[in-house]
2 protein chains.
Amino acid sequence: MAEAGVVRCAMVMAGGAGTRFWPASRVARPKQLLPLASGRSLLAATMDRLTRAVGAQRTLVVTSAHLEEQVRAELAAWPETAVLSEPVGRNTAPCVGLACVWLQESGVSDDAVLGVFPSDHWIGDDEAFAESVELAYEAAARGGIVTIGIRPTAPETGYGYLRHGPVVQGVAPVLAFLEKPAAPRALELLAGGDVLWNSGMFVFRIGVMLAEIRAHMPHLSEALEAMRPIIRAGLPEPEFRRVYAPLEAQSIDYGVMEHASEVCVVPGSFPWSDVGHWDALPLVAESDHLGNVVQGLVVAEDCRGSVVVNESQRVIAALGLEDMVVVDTGDALLVMPRSRAQEVRRVVERVRELDETLV
Amino acid sequence: MAEAGVVRCAMVMAGGAGTRFWPASRVARPKQLLPLASGRSLLAATMDRLTRAVGAQRTLVVTSAHLEEQVRAELAAWPETAVLSEPVGRNTAPCVGLACVWLQESGVSDDAVLGVFPSDHWIGDDEAFAESVELAYEAAARGGIVTIGIRPTAPETGYGYLRHGPVVQGVAPVLAFLEKPAAPRALELLAGGDVLWNSGMFVFRIGVMLAEIRAHMPHLSEALEAMRPIIRAGLPEPEFRRVYAPLEAQSIDYGVMEHASEVCVVPGSFPWSDVGHWDALPLVAESDHLGNVVQGLVVAEDCRGSVVVNESQRVIAALGLEDMVVVDTGDALLVMPRSRAQEVRRVVERVRELDETLV
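Only a predicted model underlies this, so the values are computations on that prediction, with no experimental measurement involved.

What counts, and at which threshold
- Residues numbered from 1 in each chain as written.
- Chains lettered and ligands numbered in written order.
- Predicted model: local features only at pLDDT ≥ 70, side-chain atom pairs only at ≥ 80, totals over all residues.
- Heavy atoms only, no water.
- Contact = heavy atoms within 4.5 Å.
- Buried area = accessible area lost by both parts, 1.4 Å probe.
- Salt bridge = Lys/Arg side-chain N within 4 Å of Asp/Glu carboxyl O.
- Polar contact = N/O pair within 3.5 Å; in protein donor to acceptor, adjacent residues only side chain to side chain.
- Helix = DSSP H or I, 4+ residues; strand = E, 2+ residues; numbered from the N terminus.
- Pairing = 2+ DSSP bridges.
- Domains from an automatic or database assignment.
- Nonpolar A, V, L, I, M, F, W, Y, C, P; charged D, E, K, R; others polar.
- Buried < 20%, exposed > 50% of the residue type's maximum accessible area, 1.4 Å probe, protein only.
- Axes fitted to C-alpha atoms, helices over the stretch in contact; angles between N-to-C directions.
- Parallel < 35°, antiparallel > 145°, perpendicular 65-115°, else oblique.
- Left-handed = near helix turned anticlockwise from the far one by under 90°.
- 1 Å grid on protein atoms, 1.4 Å probe; cavity = no way out; pocket = protein on both sides within 12 Å on 5 of 7 lines; lining within 4 Å.
- Points joined across faces, edges and corners; volume = space filled by probe spheres on them.
- Least-squares fit on C-alpha atoms with pLDDT ≥ 70 in both.

It is worth spelling out the interface of chain A and chain B at this point. The partner chain B presents 34 residues to the 34 residues of chain A that form the contact. With both sides pooled, the region where chain A packs onto chain B buries about 2900 Å², and carbon together with sulfur makes up 63% of that total. Three residues, A:Arg314, A:Leu319 and A:Leu333, lead the burial of chain A against chain B; their summed loss comes to 22% of the area buried on that side. Along the contact surface separating chain A from chain B lie 8 salt bridges. Of the charged contacts in the structure, one is a salt bridge between A:Asp302 and B:Arg340, with a shortest N-O distance of 2.4 Å. Counting every contact that joins chain A to chain B gives 19 residue pairs in polar contact (both at pLDDT 80 or more). Elements supplying a minimum of two residues to the side of chain A that touches chain B: β13 (298-301), β15 (315-319), β16 (324-328), β17 (332-337) and α11 (344-354) of chain A. Across 4 bridges, β15(A) lies against strand β17 (residues 332-337) of chain B in parallel orientation.

Dropping the structure here:
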């Protein structure tokens, strides 16, 4: 079904900065750059997976200026990859638009198909992933915006959902984008059987996306046009910032996809997680036969289902832990039950008040 | 009832070395010297309590040679207190015998009453304690060995028990010493109603104890006689060690009290704990309204009944902990549920294999 001659591009979003993996993650060392994936960064794992699944002629990684050096170091194995650094983060809509005009300015046509992928997710079956990606690129070449959805395996409250229509040849129309639901609503959604998790991966023709931005985010569209000479000049920082910084921070889902004329979804059946917090680490990292992820100098005795990560030089003795998280970075220590991992922000804010350099 | 002219002596046993409070306790810094009692050492708290309860004419602290300097520093507020350092630990029987002959050699008569007290216990009601101590000294002045027992408040498996006969004027005959019981046995004992916890505190006339040692531990008795000239010479280390080191390590309970002709007990009604492990810390140290003992640089969010002790300079963030223990000494960290505190030895042994200096 692949249309001959269609240029494929891939864009990886690696600008995120969060503290949900605090104290291992910091503003200056966000999740995608941590060696969470059995010693590799999630960014490197993403690049590796995309190289095999997409085989893009052009690959672009968009990050933040303060992460650029670390990102380039991670990308040493992919020397053809272009790296763009946003002077400030403005959520996903400006970032996607920037990638489109940058690719056009570098000679890619409106008909080229671009897939956008987060840099910090986990995927448990690369082959099934590649099949879904193939379907999505093929569908996008025919028109519309094609998202990749994930068949839900639990009533997750931490993910957005998509409601979809009938699946025809692996693709279904998207009927609605649904916000992160409360627990009872998540159960209802699952029972309905016609929803998917929104994975944040989507594929489109560059011309299609720019037209949708023009229609639904006219200010962004104007700014993107103003970016063209700046891109041609090599993105000098002051000019880049002057146009980019005033942009409204907006997600591509909310700004474009919810209003776009034709959005469809490829229901993916591969195991997937956004690795949103420490509780998800056992998905990504190697664990022992009792379900513990133990890294660094740790004496673990009779522990189960626990995450004990020691980046310090001193010893951690863990006795009888069940479903706990212990993370030691030498300058800070976090201890909590895995079930509280989504609330780590509560302590991070209090630590920030004590000492900003620890966050 | 106090008999006029009876000399009262007190002896505090401060030679113990344990790792049940690891990593805070080390061979070189045992429990009695830790600032567990709201910033004070248990030894200092014991001295303070005895000063008020006993008012002894002579007070003696027996410790180990390698702890002597720290013990003397703790005793700065009690300058009249004599400190004896055993060259090696040989359990309580040699230690008690040594105290008896040392006191005799310093001019105390056989009729003087000596009370022996552990240095590392917690007592929750100093007034009730003083009443029991008073009863015990009075009873001991009349003869026999008088222990102080504690009315059990739970079927504890970590304590030895005493079975006793009818209580007359606050004193009862001891019928049997019972080993630490298994849980079902502990329940039976409690139901019987005629048992007390063995607190390790006991009072006797010096002549009575030495006679019992002569009768039941003749080798120890001979060694104690051989110690007299060494004591008079100021306990020079090589001679002290030459006589003391070959002694059998034996507890006073097993070696003497279980065989002694007349042993009775004062049932104490004061709250008491041997502070045997981290789980007992909330008894001793200040806790917040949610039952947490938090010491040092700690951000605790929504924690209950937990012990978080930070002796390091870095921050500990604790989120959602329930009945957990987190102890950070800068060179080692222990994390466990409070319910596992009695098993800390399991990790300590493994840490010792890694690095002996950490134990």
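More follows now that the structure is in view.
Once that is clear, we can look at the domain arrangement of chain A. For interface size, the figure often reported is the accessible area lost on association. Residues and elements named next belong to chain A. The domain architecture assigned to chain A consists of domain 1 (8-273) and domain 2 (278-358). Computed over C-alpha atoms only, the centres of domain 1 and domain 2 are separated by 29 Å. Taken together, the 14 residues of domain 1 in the interface contact 20 residues of domain 2. Summed over both sides, the interface of domain 1 with domain 2 buries roughly 1700 Å², with 61% coming from carbon and sulfur. Contact with domain 2 buries area across many residues of domain 1, yet Trp22, Arg26 and Trp122 alone supply 35% of it, more than any other trio. On inspection of domain 1 and its partner domain 2, the count reaches 2 salt bridges. Summed over the shared surface of domain 1 and domain 2, the result is 7 residue pairs in polar contact (both at pLDDT 80 or more). Residues that form the side of domain 1 that touches domain 2 fall into these classes: 8 nonpolar, 3 polar and 3 charged.

As a further point, take the environment of B:Ala215. Residue and element names in this part refer to chain B. Here alanine 215 lies in helix α6 (residues 206-216). When its relative accessible area of 55% is taken as the criterion, alanine 215 is described as exposed. C-alpha of alanine 215 to C-alpha of histidine 259: the two residues are 44 residues apart in sequence and 9.1 Å apart in space.

Turning our eyes to something else, we now look at the packing of helix α1 (residues 42-53) of chain A against helix α4 (residues 126-142) of chain A. All names here are of chain A. Across the interface, α1 lies against α4 with an axial gap of 9 Å and an inter-helix angle of 55 degrees. As far as their axial angle goes, α4 and α1 are oblique. The crossing of α1 and α4 is right-handed. Where α1 approaches α4, its residues Arg49, Leu50, Arg52 and Ala53 are matched on the opposing element by Asp126, Phe129, Ala130, Val133 and Glu134. A class-by-class count of the residues in the contact of α1 with α4 yields 5 nonpolar, no polar and 4 charged.

Here we come to empty space enclosed by the protein. In the structure shown here, the tally under the stated rule is 2 cavities of 30 Å³ or more. Of the pockets and cavities examined, the largest cavity occupies roughly 50 Å³. Lining the largest cavity, in full, are A:Thr46, A:Arg49, A:Leu50, A:Phe117, A:Pro118, A:Asp120, A:His121, A:Ile123, A:Phe129 and A:Met201. Counting only elements with at least two residues in the lining of the largest cavity, the list comes to α1 and β4 (113-118) of chain A. Residues belonging to the lining of the largest cavity are distributed by class as follows: 6 nonpolar, 2 polar and 2 charged. Here the second largest cavity is characterised by a volume of approximately 40 Å³. If you trace the second largest cavity, you find it lined by B:Thr46, B:Arg49, B:Leu50, B:Phe117, B:Pro118, B:His121, B:Ile123, B:Phe129 and B:Met201. Elements that contribute at least two residues to the lining of the second largest cavity include exactly α1 (42-53) and β4 (113-118) of chain B.

Mapping chain A onto chain B is achieved by rotating through 180 degrees and translating by 0.0 Å along the same axis, at an RMSD of 0.1 Å. Both chain copies can therefore be described as sitting about a two-fold axis. No C-alpha of chain A lies nearer the rotation axis than that of A:Val335, which sits 4.2 Å from it. An overlap of 100% is found between the interface residues of chain A and their copies at the interface of chain B, pointing to a shared contact surface.

On to the layout of surface pockets, then. Residue and element names in this part refer to chain B. If you add up the space inside the second largest pocket, you get close to 1500 Å³. Together, 46 residues line the second largest pocket, and Arg20, Asn91, Thr92, Asp120 and His121 are the ones closest to its centre. Of all the secondary-structure elements, those providing two or more residues to the lining of the second largest pocket are β2 (58-64), α3 (92-105), β8 (172-178), β9 (195-205) and α9 (252-257). No other element matches β9, which puts 4 residues into the lining of the second largest pocket. Across the lining of the second largest pocket, the residue classes break down as 16 nonpolar, 19 polar and 11 charged.

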